[in-house]
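The chain contents come next:
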Amino acid sequence: IWEKMPKYGPAIANLGYIAWKNGDTAKAESLFTKAIDVDPLHTVEARNNLAQILRDKARRAGSDEKKQYVQQAVSNLRTVLAIDSNNLQAFSTLAFIYYDMNMLEMAKLVGNQAIKKADEIATGKFEEEKQPGGDDEGDAKGKGKGKGKKGKGEKEGDEPGVKSVDVREAGTGVTPEMKKQLAVV
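Residue numbers restart at each chain and count upward from 1, following the sequence in its written direction. In view of the model being predicted, local features appear only for residues whose pLDDT reaches at least 70, and side-chain atom pairs are presented and counted only at 80 or more, with totals across whole chains, interfaces and linings using the full set of residues. Only heavy atoms go into the side-chain values, all of them from the structure, while hydrogens and water stay out.

*Asks:* I keep staring at the pattern of salt bridges and nothing clicks. Help me out?
*Replies:* Where charged atoms from two side chains of opposite charge approach closely, those side chains can pair. Salt bridge, as used here, is a side-chain nitrogen of Lys or Arg placed within 4 Å of a carboxyl oxygen of Asp or Glu. If you walk through the whole model with that rule in mind, you get four salt bridges. Here D100 ties to R59 by a salt bridge, and the two come within 3.6 Å at their closest N and O atoms. Separated by 41 residues along the polypeptide, D100 in helix α5 (residues 88–100) and R59 in helix α3 (residues 44–60) bring together distant segments of the chain. For D100, a relative accessible area of 24% corresponds to the partly exposed category. Salt-bridge contacts for E120 lead to K117; the nearest nitrogen and oxygen are separated by 3.9 Å. Pair noted here: E120 and K117 are both in helix α6 (residues 104–123), with a separation of three residues, about one helical turn. Here a helix means four or more residues in a row that DSSP labels H or I, a strand means two or more in a row labelled E, and each is numbered from the N terminus. For every residue, the accessible area obtained with a 1.4 Å probe (protein chains only) is divided by the maximum for its type, and the residue is called buried under 20%, exposed over 50%, and partly exposed between those limits.

Encoded structure:
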């Protein structure tokens, strides 16, 4: 099948994943690289997996090689995040690479970005929607149109008598315990 579609990156990446899981890291690395070369925009998984292989190689390498592996891994992960800014695997791998390099502040920063993204994905609320008092928020909801006083827990734009619930508190998003565990990274 692969010979009939030699330029379909995801198929080549899948072959690389199979090789990786079968313990043939060299073949997997080669296939992930080939997938990226032939189909650069459709190989997010190949880039993530290649970055993990490069991270493992960096952990065992000497100082000069380590720097090269880390640069390649970070470059692949940045490309993944440029293509898919919600890719939590890329955030996670990047945080672990910084942790391995003893760049703890960078690891913490990337980890916090991952938490923020995970929260946005889980709740469907993005940062600009979460910030109260923004100029755009008031205009979009018709500031000054409502009559009467809002009750406790109600926000502008809510129906009168309907209490607003923060879904993150209800347990569908990132929990405080998860935030604590990731903050350790």
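*Asks:* Explain the packing of helix α4 (residues 63–83) against α5 to me, please; I cannot follow it from the model alone.
*Replies:* Any two packed helices are characterised by the angle at which their axes cross and by the distance between the axes. Lines are fitted to the C-alpha atoms to define the axes, a helix being fitted only along its stretch in contact, and any angle between axes, read from their N-to-C directions, falls within 0 to 180 degrees. α5 packs onto α4 with a crossing angle of 155° between their chain directions and a minimal axis gap of 10 Å. Between α4 and α5, the angle falls in the class roughly antiparallel. Between α4 and α5 lies a crossing whose hand is left-handed. Along its contact with α4, which presents K66, V70, A73, V74, L77, R78, V80 and L81, the element α5 presents A90, F91, T93, L94, I97, Y98 and D100. In the contact of α4 with α5, the residues fall into 11 nonpolar, one polar and three charged. When describing relative orientation, an angle under 35 degrees is termed roughly parallel and one over 145 degrees roughly antiparallel, while 65 to 115 degrees is termed roughly perpendicular and anything else oblique. Left-handed describes a crossing whose near helix is turned anticlockwise from the far helix through less than a right angle; right-handed describes the clockwise counterpart. Only heavy atoms matter for contacts: two residues are in contact if any of them lie within 4.5 Å across the pair. Under the scheme applied, nonpolar residues are Ala, Val, Leu, Ile, Met, Phe, Trp, Tyr, Cys and Pro; charged residues are Asp, Glu, Lys and Arg; polar residues are all the others, including Gly.

*Asks:* I tried to follow empty space enclosed by the protein on my own but got confused; where do I start?
*Replies:* Remark: the empty space left among the atoms is shown by a probe the size of a water molecule rolled over them. Whether a set of points on the 1 Å grid over the protein atoms alone is a cavity depends on a 1.4 Å probe fitting there but being unable to get out, while an open set qualifies as a pocket with protein on both sides within 12 Å along at least five of seven lines; lining residues are those with an atom within 4 Å of a point. Grid points are joined across faces, edges and corners, and a volume is the space filled by probe spheres set on the points. With the rule as written, the count across this model stands at two cavities of 30 Å³ or more. Approximately 60 Å³ is the volume found for the largest cavity. Taken together, L54, R55, A58, R59, K66, Y69, V70, A73, I97, D100 and M101 form the lining of the largest cavity. Mapped by element, the contributors of at least two residues to the lining of the largest cavity are α3, α4 and α5.

*Asks:* Help me understand unusual backbone geometry in this model?
*Replies:* Phi is mostly negative for residues that are not glycine, and the peptide bonds are mostly trans. In the Ramachandran plot, N102 falls in the positive-phi region, its phi being about 60° despite a non-glycine side chain. Given a relative accessible area of 60%, N102 falls into the exposed group.

*Asks:* How do you make sense of a nonpolar patch on the surface when you look at a structure like this?
*Replies:* A patch is a set of surface residues, each over 30% in relative accessible area and not in a salt bridge, joined within 9 Å for like charges and within 5 Å for the nonpolar side chains Val, Leu, Ile, Met, Phe, Trp and Tyr. Throughout, the Shrake-Rupley method with a 1.4 Å probe supplies accessible areas, and for residues the shown protein chains are the sole cover considered. A cluster of nonpolar side chains, F96, Y99 and L104, forms an exposed patch at the surface whose accessible area comes to about 270 Å². With respect to the helices, strands and loops of the structure, F96 is situated in helix α5.

*Asks:* Can you walk me through the nonpolar core in this structure?
*Replies:* Nonpolar side chains in soluble globular proteins generally cluster together in the buried interior. Core analysis: the biggest nonpolar cluster contains 33 residues, and F32 and L94 have the highest contact counts within it. Contributing elements (two or more residues each) for this core: α1 (9–21), α2 (25–38), α3, α4, α5 and α6. Ignoring sequence-local partners within four residues, the contact set of L94 consists of V74, L77, L81 and V110. Only buried residues count toward a nonpolar core, which is a set of Ala, Val, Leu, Ile, Met, Phe, Trp, Tyr and Cys residues joined through side-chain atoms within 4.5 Å.

*Asks:* Can you walk me through α4 in this structure?
*Replies:* Side chains three or four residues apart in an α-helix point the same way, a direct result of the helix having 3.6 residues per turn. If you check α4, its first and last C-alpha atoms are 30 Å apart, about what 21 residues at 1.5 Å a residue would give, namely 30 Å. Along its buried surface, α4 packs onto α2, α3 and α5. Multiplying one less than the number of residues by 1.5 Å gives the expected span of a helix.

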